Each structure stands twice: as structure tokens, then as C-alpha cells.
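Structural features, examined
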Amino acid sequence: MRDARSILLVKLNIKPGQIKKLHDAGYKFLEDLKEASPLSLSKDIGVSVQEALSIIRQIKNDKLPSASLTSIIKRETYAIPTFCNGIDKLLGGKGVTLGKIVEFCGIPGIGKTQMGIQLSINVQIPRNLFGPEGEAVYIDTEGSFIIQRVAEIANGTIARLNETVEGSPFNLETILSRIYYFRIHDYIQLNALIKNMDEFLNEHPMVKLIVIDSIAFHFRTELDLSVRTRVLQMIAQKLEDIAESFELAVVLMNQMTTKFGGNSGPDNTTLTPALGDVLSEACSDRVLLFRRDEERFAHLFKSATKPELQITSVQFQIIKDGIRDCPLPSDPGQ
Amino acid sequence: MELRDLSFRPRIVDALNRSTFETVADVLSRDEEQLCGTLKISAKDAAELVHACVQVITCSLYPPKTALQLLNDAAHCMLSTGDTEIDKILGGGILSRGITEIVGESGTGKTQLCLQFCLTVQFPKELGGLDGGAVYISTNGMFQSKRFNQLTNSIQLHHSCMRNKDLTDNVHCVTVYNFEVLRNIVYCQLPVLLSRNNIRLVIIDTITAVIQDAFKDFRKRAIEIFCLSAKLKEISDKFNTAIICVNQVTSDALSKEGFYEPLDCDDKECWNYAQYYKQMLLLGDGMKIPALGLSWSSVINTRISLSRPLRTLKETICTMAKDPRVITVMMAPHAPKRAGQFYIDNDGLHGVVCNSKNNI
């Protein structure tokens, strides 16, 4: 065991900018940071609580944030397809990448639950068809997970896979038996469930996807914004940990809320994702589902990895079989 | 869940007694560092406290059901409207769990449909019912008992199996005039009533005015809407009860242009408020959308609208129905957006058989 006193912060794997801020605030040795809480540290060195927390975590682990090349390749090979090529491209080419948190937001009725169901089924696509061959945890906060609809989409998925491969071992019963369903009735329950999710995941190592539909609903019952932010932050951190350590994807569904804009009076009303900025830190990709006239579109508005993407809005449709590409994509510019 | 019902180490109990903490929620809404600070306990004790609370809260959630078990349990079944054509439009009926909203202008048949559900819910399962009673919470005057009797007679005439039952005895009515009373009923009285009777349907007719009158502040109103609906959904799951809320319409700001938020995005239209309104627009003469705004739309599971079609549409209708109306599934987790015509006579609502696809 090294003596914490003797370890200079510069020797640790912290970003140069952060090291400078730490130095300016008088932190030089690992020992100095031992008692620091994310909140006090963020005030001391003038960064967000999230960033302070990541510094502390980095120090506590005292290891390089390395993932073995095999696991990176594995993650990138076995993404969860949405069955809409356009959306898959937005998300990095193959769909929802394992090890990450992705948020889908949109107005009621746009198809967030349908997306969640489709992903819970698609995570099970076998390896030989380039799926992750995993299982799914579906955390339902709104009561919109309708089993008849799940069965319908599962059948649609089977039909689609059978087009590619003769006699795939996929059938309705296996698909449904690999989706674990939790119904949550308040955010305290949600927080508790996420806190001891590790135990469940250790028992079910095949789980490669956690869907929370929706993350927003119960938080919007809380009047006290500081409580809301705090609990949400706890959940977001835990989800990041889980996603990373179990190499699974976390998909969060989020609602929209009305934002009364600036100085121009109440007329300047816009839509914005609920719950403020707390989530956006944790999510590597945020996708907005929206409608233009009667068509459905997905728009990538935050991405950690793909700033060079040319097209950020793609069209999709929801049919009996689930989420699909549009047969004749119409020009979004029209 | 009260903290004093749980057992901890004496020193944690002491710390809790000294604090203002009462429920498990007080513990779980703070992180461990805060607990150490507020309760003045060690990190190890804080972790232990949190762990115990987490266990208490989550024990009821484990083991989770798989989707296959849900399917075998028939976790969701449909409550029929009693009319095959309308059921077809609705995707089999309304869901036996969760909140279904029925929205429309006055005189489009919202209450008629609700009364009909009060009867069909008492049907045996083979006939699309749920074999249980109903609670009817009315906020705009008395229950329409005369019309209900008329429908009862008609049902008993057509379905011999219902003849020996007292259909009116299974419908519990209550009239409320303000939000406080409604909240009291939902939080305190409804759970007791449902635990003592076999009730499979709760109707609130209408939810609109009580909420609009009680809250002028939009933020406060939104929070109350979320709290009330969370409670309703909890009741719905616990007692396996369908919830119907009747909502009115408003001719809100569709004319307003330029509702968007740039958010560093080229595609400005995706934040456009008008697009949301357009989606929610009801058929009919005015530019009418469901009342109570986006918050309420976010809490309901299914939205069914009733409307009288525009005159031009009316003229093209090639049926014998005198006063055709349109029923539309605006959004539903189990069914696509779909519309169809219906009319109302002495026997209730009837769908109009339509050969051509009537997708909107």
C-alpha cells in the first residue's frame, strides 16, 4: 500500500485542466482529497458537482479508466439494433451501444414505450445475427408495458429474423421469459431498486439492457427541486456504474415539459425534456422523438462521440411489428 | 414505511430518534455523505442504514415477473364497450389497468360511454367484462340514473345472463365539488372501498374543472396532476382496476406560431409546440385540444376522443345514422391511432360498420 501523503495529484490520471483547478485551490496530494465531498469540492475548485464526483471517483479507484480491447470490440460488435437503420446510425451505426446510457424523450404517444419494448426484444438477438444475445430488465413507472403488445412486437421480430436465417431458435416463449419486469410506484422505490440492482445482475449475468420507462414520471411529483435533483443524481451515478461494470446498455425514456421562455413573455413557450440538466450529464446520447405532421422522426441532439454526423434527424415508423424504417423516406426539408 | 418499524443497531436508532427522520423515504432521498452529516453517524452505519432501507423497499419487487409470466397471468385484459365495432377501433376495448382518458366536447357522448362501461364491467369475462362493479365519481352534478336504468333494461333484454343480476347495486356513486374532496376520496376512501368490494372500474367524470379551479399556478397544478395520477395508477395496479378519467376540451393556443427551442440544433421544428398541438387536435368544428395541457397528457396511458365531424365530412358519410360521431384512439400503448364512426340510440353507443379503412 502506498502512502497517500506521498502521492502527488499530478501522478494520477486526472485531466490537466482539473489538476490546475485542484492546485489553485490548494490540493496537492492525494491525502488532501481524502475528506472531500463532491459538493464541497465542486465549490472549492469551481466545477460542477458531477465533475467533482468524477474526480473523486477517479482518485478512489486510482486506476486508469481502461477497458480491455476485447470488451470494447465486444461492445461495439454487439449493439442493440432498433430495426430502424436511421436511428441505429444516429446511435453510432449499429444501435444502442452496450456500456452506455441513452435517453429517448418525446411527447406522449410518440412511441417511447414502443421503442423500449422493441429494444428489450432486440437485445436477445443471437450472436450469429450480430445481436448481443442478452436479456432485458424493464422498469415500468407508468404502467404502459402492455403484454399483448409485447407479444405482438416479439412475433414481428421473429418473423423478421426468420427472413434472414432459416429456423432461428427464437420463439415467443423464450423471448418473453428473458424480459424481467419491475413495476415501480414512486421514486424512492426506483432509487432503492437501482441501488441494489447489482445483486440481481450478478444472479442474471445475461442482462444486457435496462429500460426505465419513464425516468421522469415519479420525479415530477416532487415539489422540492433539491430533493429531486439529489435523488436523480444518485440514480444517474449508479446507472453509470452499472452500465460500465456489467457492460450493459441503459435506456431512459423521458417526458417533455413546457418551458416558458425568457423575457418575451408567456407566448414564447417551447418544449424541452423534463428533469432539467441532471440527466444530460449521464447520458452519452440523447434522442428526441417528435412528429412532423403525421410522420415520426428521431433527432439526435446530444452525442458524446459523433459530432461529425451530417444528418441528425431521421424518419421512422411504428407498425404492428414494431419500430421500422420508413419505406419511402420523405425529405425532412419539405 | 415508518423507520420505527425497522430494527437497527441501538446507536443508529438513537441517531434517528434525535433527527427529524420518520420514513424510509427520508433516508433514501439523501446520499450517504449527507446521512453521515445530518445524523452524525459513521460512514459504515450510514451504509448499513441505507442497505436496510433498500431491502425493505425492494423486497416486494423481487422476484420480478418475466414477460412470459405476465402473459400467462393475463395481466392486462380488455374491458369491452359492449359493441363489436367500437371494440375493433379501440383495439379490443379499454385496458383493465392504467388510466384511460375520454375527451371530447360537450354532447359528444363521453358520459354515455362511461355509463355503458359501468354496465359492461359487470359482464362475465366471456362477454368482454371484468365481472366486477364500478365506482362513479361525478364532479358535475348527479349521476344520470334515469339514463342508466334505460341502458340497464336494454342490456338485460339483450343478454339473458344479466337478467338475474341487480346491475344498479354494483355501481357506487359519489359526487364531489372540489379538488380537496376528490383527493381525499382517491387517497383515503377509494382504497378502503376497493378492498371491501369487487370493483374493477373507477370513473372520474370529469377531472377537468376540479383541477382547473383549484390551481391557477401551472407548476403547482402539474405537480398535483402527477401526484394524483401516480396514486390512481397505484390503486389501479393494487386492486386490478381500470381507471377512466373524462376530460374536456379547450381551444388553446394553436394559433400561436414560433414555439421552438433551438438548443444548438439545426432542425428547429422538432421543438415546435404547434406540432404537439397538431397531434392532439380533435376532429370537429373548432381548433379544440384536450384540456389540462402537456402534464396531464403525460400521465394518462390511453387517450380516446369523441367528436362530431366537420360538416364536409358529415356530408360524405354514406350511412343511415342520423347523428354520426367519431371515436378516435389518439394514443394507446396497445393500439395504433385509429378512428371510426358511431351513433347513440336508446340502447347505447354503436359503431358504424365501415368497409374502407378509416385511418386518420
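Conventions and cut-offs
Residues numbered from 1 in each chain as written. Chains lettered and ligands numbered in written order. Predicted model: local features only at pLDDT ≥ 70, side-chain atom pairs only at ≥ 80, totals over all residues. Helix = DSSP H or I, 4+ residues; strand = E, 2+ residues; numbered from the N terminus. Buried ≥ 20, exposed ≤ 12 C-beta atoms within 10 Å, placed from the backbone. Contact = placed C-beta atoms within 7 Å. UniProt positions renumbered as here; feature names shortened; annotations may be inferred. Pairing = 2+ DSSP bridges. Nonpolar A, V, L, I, M, F, W, Y, C, P; charged D, E, K, R; others polar. Axes fitted to C-alpha atoms, helices over the stretch in contact; angles between N-to-C directions. Core = buried A, V, L, I, M, F, W, Y, C linked by C-beta atoms within 7 Å. pLDDT = per-residue confidence, 0-100. Expected span 1.5 Å × (residues − 1). Arc of directions from axis to C-beta. Parallel < 35°, antiparallel > 145°, perpendicular 65-115°, else oblique. Left-handed = near helix turned anticlockwise from the far one by under 90°.

**What to know about the overall build of chain B**
- Across its full length, chain B carries 14 helices and 14 strands.
- For chain B, the residues scored as buried account for 46% of the 360 residues in total.
- Put simply, of all contacts in chain B between residues at least 6 apart along the chain, 66% involve residues at least 24 apart.

**Focus on the overall build of chain A**
- Secondary structure assignment for chain A yields 12 helices and 11 strands.
- When each of the 334 residues of chain A is scored for burial, the buried share is 46%.
- Taking contacts inside chain A between residues at least 6 apart in sequence as the whole, the part at least 24 apart equals 63%.

**Looking at the UniProt feature "domain: RecA family profile" (unreviewed entry) in chain B**
- Per the UniProt annotation, the sites labelled "domain: RecA family profile" (unreviewed entry) are residues 75–249 of chain B.
- The straight-line gap between the two end C-alpha atoms of residues 75–249 of chain B is 32 Å; of that span, 45% is helix and 20% is strand.

**Regarding the pairing of strand β8 (residues 242–247) of chain B**
Residue and element names in this part refer to chain B.
- Counting buried residues along β8, 6 of its 6 residues qualify, which places the element largely inside the surrounding structure.
- Alternating positions in β8 separate into two faces, Ala-242, Ile-244 and Val-246 on one and Ile-243, Cys-245 and Asn-247 on the other, with burial throughout.
- In the sheet, strand β4 (residues 99–104) pairs with β8 via 5 bridges, with the strands oriented parallel. Each bridged residue has a counterpart across the sheet, and for Glu-101 the counterpart in β8 is Cys-245.
- Bridge count between strand β7 (residues 199–205) and β8: 4 bridges; the pairing is parallel. The residue of β8 that forms the bridge with Ile-204 is Cys-245.

**Overview of the interface of chain B and chain A**
- Counting residues at the interface gives 55 residues for chain B, matched by 58 residues for chain A.
- Listed by contribution, the elements that provide at least two residues to the side of chain B that touches chain A are α2 (24–28), α4 (43–58), β1 (65–66), α5 (67–73), α11 (218–239), α12 (273–280), α13 (293–299) and β12 (325–331) of chain B.
- Ranked by the residues each element gives to the side of chain B that touches chain A, the list is headed by α11(B), at 8 residues.
- When its residues are assigned to classes, the side of chain B that touches chain A shows 31 nonpolar, 11 polar and 13 charged.
- One ladder, built from 2 bridges, connects strand β3 (residues 179–183) of chain A with β1(B); its direction is antiparallel. Looking at the pairing, A:Tyr181 lines up with B:Lys65 of β1(B).

**Description of the sheet that holds strand β6 (residues 171–175) of chain B**
Residues and elements named next belong to chain B.
- Pairing is mixed across the open sheet formed by 9 strands, whose spatial order is β6-β5-β7-β8-β4-β11-β12-β13-β14. The sheet is open, and its two edges are formed by β6 and β14 (348–351), each paired on a single side. Recorded for the sheet is a direction-independent mean angle of 25 degrees between the axes of neighbouring strands.

**Let's talk about the nonpolar core**
- Membership of the largest hydrophobic core comes to 180 residues, with the highest contact counts inside it found for A:Leu209, A:Ala249, A:Val251, B:Cys118, B:Leu201, B:Ile203 and B:Ile244.
- Element by element, the count of residues in this core is highest for α11(B), at 7 residues.
- Contacts of B:Ile203, omitting those with residues within four sequence positions, involve B:Cys114, B:Phe117, B:Ala134, B:Val135, B:Tyr136, B:Ile137 and B:Ile244.

**Quick word on the pairing of strand β11 (residues 322–325) of chain A**
Residue and element names in this part refer to chain A.
- Strand direction decides the pairing type here: strand β10 (residues 313–319) and β11, joined by 4 bridges, are antiparallel. Bridging across to β11, Phe-316 finds its partner in Asp-325.
- As consecutive antiparallel partners, β10 and β11 are separated by 2 residues.

**Quick word on the confidence of the model for chain A**
- Overall, the predicted model of chain A reaches an average pLDDT of 84, with 85% of residues at or above 70.
- Below pLDDT 50 for its whole length, residues 262–266 of chain A participates in 2 contacts with residues either more than four positions away or in separate chains.

**Notes on the environment of B:Ala332**
All names here are of chain B.
- Secondary-structure assignment places Ala-332 in the loop between β12 and β13 (338–345).
- Judged by C-beta crowding, with 24 C-beta atoms within 10 Å, Ala-332 ranks as buried.
- Every residue in contact with Ala-332, bar those within four places of it in the chain, is listed here: Gly-91 and Thr-302.

**Here we look at α4(B)**
- The end-to-end C-alpha distance of α4(B), which contains 16 residues, comes to 22 Å, matching closely the 22 Å that a straight helix rising 1.5 Å per residue would cover.
- Turning to α4(B), its buried residues are B:Ala46, B:Leu49, B:Val50, B:Cys53, B:Val54, B:Ile57 and B:Thr58. Projected down its long axis, α4(B) carries its buried residues within an arc of 150 degrees, all on one side. The exposed set on the far side of α4(B), more than 90 degrees from its buried face, consists of B:Lys44 and B:His51.
- Considering only its buried residues, α4(B) is in contact with α9 (187–195) of chain A together with α1 (10–18), α2 and α3 (32–39) of chain B.

**Overview of the sheet that holds β10(A)**
- The sheet built from 10 strands is open, its strands ordered β11(A)-β10(A)-β9(A)-β8(A)-β1(A)-β5(A)-β4(A)-β2(A)-β3(A)-β1(B) with mixed pairing. Every interior strand has two partners, whereas the edge strands, β11 of chain A together with β1 of chain B, have only one.
- One ladder, built from 5 bridges, connects strand β1 (residues 101–106) of chain A with strand β5 (residues 249–254) of chain A; its direction is parallel. Along β5(A), the bridge assignment pairs A:Cys105 with A:Asn254.
- Along the sheet face, helix α11 (residues 225–245) of chain A touches β1 and β5 of chain A and points at about 145 degrees away from the line of β5(A).

**Considerations on the packing of helix α7 (residues 110–120) of chain B against helix α8 (residues 145–158) of chain B**
Residues and elements named next belong to chain B.
- One way to put it is that α7 packs onto α8 with a least axis distance of 10 Å and a crossing angle of 45 degrees. Here α7 lies oblique to α8, going by the angle between them. Where α7 crosses over α8, the handedness of that crossing is right-handed. Contacts between α7 and α8 involve Leu-115, Gln-116 and Leu-119 from the first element and Arg-147, Phe-148, Leu-151, Thr-152 and Ile-155 from the second.
- Broken down by class, the residue content of the contact of α7 with α8 amounts to 5 nonpolar, 2 polar and 1 charged.

**Thoughts on the environment of B:Leu115**
- The topology assignment puts B:Leu115 in helix α7.
- Those residues in contact with B:Leu115 that lie beyond four places of it in its chain are B:Gln144, B:Arg147, B:Phe148 and B:Leu151.

**With respect to the packing of helix α9 (residues 179–196) of chain B against α11(B)**
Residues and elements named next belong to chain B.
- Closest axis-to-axis distance for the α9/α11 pair is 10 Å, and the angle between their directions is 5 degrees. With respect to each other, α9 and α11 are oriented roughly parallel. In this structure, α9 contributes Arg-183, Val-186, Tyr-187, Leu-190, Pro-191 and Leu-194 to the contact, and α11 contributes Leu-228, Lys-231, Leu-232, Ile-235 and Phe-239.
- Partitioning the contact of α9 with α11 into residue classes produces 9 nonpolar, no polar and 2 charged.

**Considerations on unusual backbone geometry**
- Here the residue pair A:Asp213 and A:Ser214 is connected by a cis peptide bond, since its omega of -5 degrees sits within 30 degrees of zero.
- Looking at the secondary structure, you find A:Ser214 in the loop between β4 (207–213) and α11.
- Look at the link from B:Asp205 to B:Thr206: it is a cis peptide, with omega at -5 degrees.
- Residue position: B:Thr206 is located in the loop between β7 and α10 (208–214).
- Residue A:Phe83 is not a glycine yet carries a positive backbone phi of 75 degrees.
- Here A:Phe83 lies in the loop between α4 (69–77) and α5 (85–90).

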